[in-house]
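What follows is the residue order along each chain.
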Amino acid sequence: MNGLAADSAWLEPVPWLPALAPLWPLALLAALALPPLRTTVLGLARWAALPALLIAIAAPAAALPLPGLLLGGSLQLDAAGRWLLAAVGLLWLAAGWLAEDWLRTPTRATAFLLAMVGALWLTLAGDLPSVLAASVLAAYPLYCLLGGTRGGRVLLVSVVIADLLVLEALLLLAKGGAGLELAALQTALAEAKGHGIVLTLLLLGFGAKAGLMGLHYWLAPATQEAPAPQLAQMVAFTLAAGLLPLLRLLPLADAHWPSAAALLAWLTLAGCLWAAAAGLLQATPRALTAYTLSALTTLWLGLMALGLDQPAAGAASVPVEGVVLPTVFALSGVGVGALLLAGGATQRHGRLVGWLLALLSALLAALAVLGALLVTTADGDAVHHPLIGALVCTGLLLGASVGAAAGRACAPGSGRESSVSAMLVAAGLVMLVLGLLSLSAAPPAAGGWPLDRLVAPGAALLGGFAAGPITRRLLARLPRIPPGDVLVIIGYLSARLVGAWRRLGAVIGGWRNGLITAGAQVYQRLDRLSTPENAERRLRRWSTATLLLLLTGVVLALLVRSG
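The shown structure was predicted, so the numbers you read here are calculated from the model rather than taken from an experiment. (Residues numbered from 1 in each chain as written. Predicted model: local features only at pLDDT ≥ 70, side-chain atom pairs only at ≥ 80, totals over all residues. Heavy atoms only, no water.)

### Here's the deal with the overall build of the protein chain
Then, in step 1: The helix and strand tally for the protein chain stands at 23 helices and 2 strands.
Then, in step 2: Within the protein chain, buried positions represent 51% of all 563 residues.
Then, in step 3: Taking as baseline every contact in the protein chain between residues at least 6 positions apart, the subset at least 24 positions apart corresponds to 82%.
Then, in step 4: Looking at the protein chain as shown, the accessible area adds up to about 24900 Å², and 70% of this sits on carbon and sulfur atoms. (Helix = DSSP H or I, 4+ residues; strand = E, 2+ residues; numbered from the N terminus. Buried < 20%, exposed > 50% of the residue type's maximum accessible area, 1.4 Å probe, protein only. Contact = heavy atoms within 4.5 Å. Areas by Shrake-Rupley, 256 points an atom, 1.4 Å probe, with all protein chains shown as cover.)

What follows is the structure, encoded as structure tokens:
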């Protein structure tokens, strides 16, 4: 939107409401620079995400063009962004609640508010440059909040590489005259001839930020090393920077790519198997829950692959890409965030309460999966067979995470984790009820919900869920796998490569020194031969008769040649 329409939109009261979500923590950040207001701002910083949550609940859908920002940026509050804004706001409120004692210095509050601005901006960004800018704004302060740990460093490098891949995809789409708005890029991707390359770049770019299996190398180490106040923030980052932009760019309603859908389904199975094998051999509950989050992210990719194989789903009364998938993304994110913090209830209230809280946390994610399967199969298509195996693996990890979270002993002073986890569970249950109400208000046109189609996937998920704690105990004697298994391999290979490079440099350096020495010796010899004194000394060694004989031979040779 440009010209008078763009200018008049600023005068409307409603389009301004979404902008308040990231502007409020930004205003607190500006007020933090004023010494008289510093104490007040430090007290308000942990509640800075509350306006975003209220906007997600009560604000109407709106779009705000920003013609002078990033080549014509925009903010939008649509059905997809509303659910993710609510989830991100809840997770940041949980982080602020846990960080009450931690947010006492302006330096920490600055990083906290900057990361919050980026995360909230991501849920509202309507164009790809804004998504990239908000991702950087969310990732760099998050690295500071993580304290410069190994997982934080790898996250930072991953974000830089991922943005380069996404930018390359943008350039390929721009060749066809696509604009920078996410909706325009989605349409251009559906009509692009080389959509395979663009799809691969987008999956690699946003998959790295979402912790997709194969690109998850930062998530488990960062989760393992992070303090409790930063756990919810990392889950929010995977939702806002990874899953939501990918969902808004994939043409789930306009493209019919059966080959790509089948390939993604098998990749989903491979990723979930990998997550189960590595996650069940983790030594700590946090790392196990991080692999559970990676498995859920990979499973969502498989469900999006169903949309690429079912173009008619976009015409259904319940838009999968606009309502269902954002809802389940939000529910799973809130559930995993609560699961990461559920262990505090065991220390404070006993093992029974810890088990109950962890079970409810994991059930939020499980119910989200079942709800997504219910709607994606509403048009009569069954779930792909590879996704059944992926559901079993995801259920195993969810069940094992429940047992690990409920049985772990928390560090001293972490009793507040249980209250935050209970708050997230309660909010997740409210979101679940609201999601069910929205689905019941728009039933499929072909009749009732196909509950019979949920028998196989539901049995796979719940069966794996029940077997998860038992499987983890059976594997307790096996060697443990370090968090970020790929990162360990990459680190080992990098160390070997650096060592080989240094040895090669030493060999080449020896060769170079030998050549320099040999060249110096030759130069010295030639220098001795080329001086006039040396030439005269050598000529004096020859007798006069010998010189005359040589001269005569030369003359005869010239005469013979001329004759």
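### Considerations on the packing of aromatic side chains
Any pair of aromatic rings gets described here by the distance separating the centres and the angle formed by the planes.
Then, in step 1: Under the criterion given, the structure shown has 3 aromatic pairs.
Then, in step 2: Seen from their ring centres, W218 and F237 are 6.2 Å apart, and the 85 degrees between their planes marks the pair as edge-to-face. Taken as a pair, W218 in the loop between α10 (195–210) and α11 (219–225) and F237 in helix α12 (residues 231–249) lie far apart in primary sequence, 19 residues in all.
Then, in step 3: W218 gets classed as buried once you look at its relative accessible area, which sits at 0%.
Then, in step 4: With relative accessibility at 4%, the residue F237 sits in the buried group.
Then, in step 5: On the numbers, 5.8 Å between centres and 55 degrees between planes, the contact of W300 with F329 is tilted. (Phe/Tyr/Trp six-rings, centres within 6.5 Å; stacked < 30°, edge-to-face > 60°.)

### What to know about the side chain of R286
Then, in step 1: Here R286 lies in helix α14 (residues 285–309).
Then, in step 2: Setting aside anything within four residues of it in sequence, one finds R286 in contact with T223, Q224, A226, P227, A228, L231 and L340.

### What about α10?
Then, in step 1: Taking 1.5 Å of rise per residue, the 16 residues of α10 would be expected to cover 22 Å, and the 21 Å separating its terminal C-alpha atoms lies within 8% of that figure.
Then, in step 2: Every buried residue of α10 is listed here: V198, L199, L201, L202, L203, G205, F206, G207, A208, K209 and A210.
Then, in step 3: Just downstream of α10 lies G211, where phi reads positive at about 75 degrees. (Expected span 1.5 Å × (residues − 1).)

### A few points about the pattern of salt bridges
Then, in step 1: Per the stated rule, a full pass over the model turns up 3 salt bridges.
Then, in step 2: A salt bridge links R248 to D78, with the shortest nitrogen-to-oxygen separation between them at 2.7 Å. Taken as a pair, R248 in helix α12 and D78 in the loop between β2 (73–77) and α5 (79–98) lie far apart in primary sequence, 170 residues in all.
Then, in step 3: A residue is classified by how much of its surface remains accessible, and R248, at 9% relative accessible area, is buried.
Then, in step 4: Among the residues examined, D78 registers a relative accessible area of 26% and is labelled partly exposed.
Then, in step 5: D163 is paired through a salt bridge with K209; the nearest N and O atoms lie 2.6 Å apart. Here D163, found in helix α8 (residues 150–174), pairs with K209, found in helix α10; they are 46 residues apart in sequence, far enough to count as distant. Note on accessibility: D163 and K209 belong to one class, buried. (Salt bridge = Lys/Arg side-chain N within 4 Å of Asp/Glu carboxyl O.)

### Here we look at the packing of helix α6 (residues 106–124) against α12
Then, in step 1: Look at α6 against α12: their axes get within 9 Å of each other, and the N-to-C directions meet at 25 degrees. Taken together, the axes of α6 and α12 are roughly parallel relative to one another. Of the two possible hands of crossing, α6 and α12 adopt the one that is left-handed. Contacts between α6 and α12 involve F112, A119, L122, T123 and L124 from the former and Q233, A240, A241, L244 and R248 from the latter. (Axes fitted to C-alpha atoms, helices over the stretch in contact; angles between N-to-C directions. Parallel < 35°, antiparallel > 145°, perpendicular 65-115°, else oblique. Left-handed = near helix turned anticlockwise from the far one by under 90°.)

### Looking at the confidence of the model for the protein chain
Then, in step 1: On average, residues of the protein chain carry a pLDDT of 79, and 79% of them reach 70 or more.
Then, in step 2: Per-element confidence in the protein chain is highest for α6, whose mean pLDDT is 92, and lowest for helix α1 (residues 3–9), whose mean pLDDT is 43.
Then, in step 3: Across residues 1–11 the pLDDT falls below 50, and counting only partners more than four positions away or on other chains, this stretch makes 13 contacts in the model.
Then, in step 4: Predicted confidence for residues 312–318 stays below pLDDT 50, and this span has 15 contacts to residues more than four positions away or in other chains. (pLDDT = per-residue confidence, 0-100.)

### Digging into a nonpolar patch on the surface
Then, in step 1: Together, V136, Y140, V157, V160, I161 and L164 make up an exposed nonpolar region whose accessible area comes to about 510 Å².
Then, in step 2: Put simply, the parts of the chain that give the nonpolar patch at least two residues each are α7 (128–145) and α8.
Then, in step 3: By secondary structure assignment, the location of Y140 is in helix α7. (Patch = residues over 30% accessible without salt bridge, like charges linked within 9 Å, V, L, I, M, F, W, Y side chains within 5 Å.)

### Things to note about the packing of helix α4 (residues 50–58) against α5
Then, in step 1: Packing of α4 against α5 brings their axes to within 8 Å, and their N-to-C directions diverge by 155 degrees. Viewed along their axes, α4 and α5 adopt a mutual orientation that is roughly antiparallel. In this structure, α4 crosses over α5, and the sense of that crossing is left-handed. On α5, the residues touching L50, A52, L53, I55, A56 and I57 of α4 are R82, L85, A86, L90 and L93.
Then, in step 2: Classifying every residue of the contact of α4 with α5 by side-chain character gives 10 nonpolar, no polar and 1 charged. (Nonpolar A, V, L, I, M, F, W, Y, C, P; charged D, E, K, R; others polar.)

### Notes on the state of the cysteines
Then, in step 1: A full pass over the atoms with the stated rule returns 0 disulfides.
Then, in step 2: Cysteine C272 shares no disulfide, and the gap to the nearest cysteine sulfur, in C393, comes to 6.0 Å. (Disulfide = S-S within 2.5 Å.)

### Thoughts on α5
Then, in step 1: In this model, α5 (20 residues) spans 29 Å end to end at C-alpha, consistent with the 28 Å of a helix rising 1.5 Å per residue.
Then, in step 2: Of all 20 residues that make up α5, 17 are buried, and the element is covered over most of its length.

### Some thoughts on the pairing of strand β1 (residues 62–66)
Then, in step 1: The buried fraction of β1 is high, at 4 of 5 residues.
Then, in step 2: Here β1 runs beside β2; their pairing, made up of 5 bridges, is antiparallel. Counterpart to P65 in the pairing with β2 is S74.
Then, in step 3: Following β1, the chain reverses through 6 residues before pairing antiparallel with β2; L70 in that reversal takes a positive phi of roughly 55 degrees. (Pairing = 2+ DSSP bridges.)

### Quick notes on the environment of A283
Then, in step 1: Turning to its location among the elements, A283 is positioned in the loop between α13 (258–279) and α14.
Then, in step 2: Each C-alpha atom of the pair A283 and R480 lies 6.0 Å from the other, and the pair is 197 residues apart in sequence.

### A short note on the side chain of S158
Then, in step 1: Structurally, S158 can be placed in helix α8.
Then, in step 2: For S158, the side chain forms a polar contact with the main-chain oxygen of V154, separated by 2.7 Å.
Then, in step 3: In contact with S158, not counting residues within four places along its chain, are Y217 and W218. (Polar contact = N/O pair within 3.5 Å; in protein donor to acceptor, adjacent residues only side chain to side chain.)

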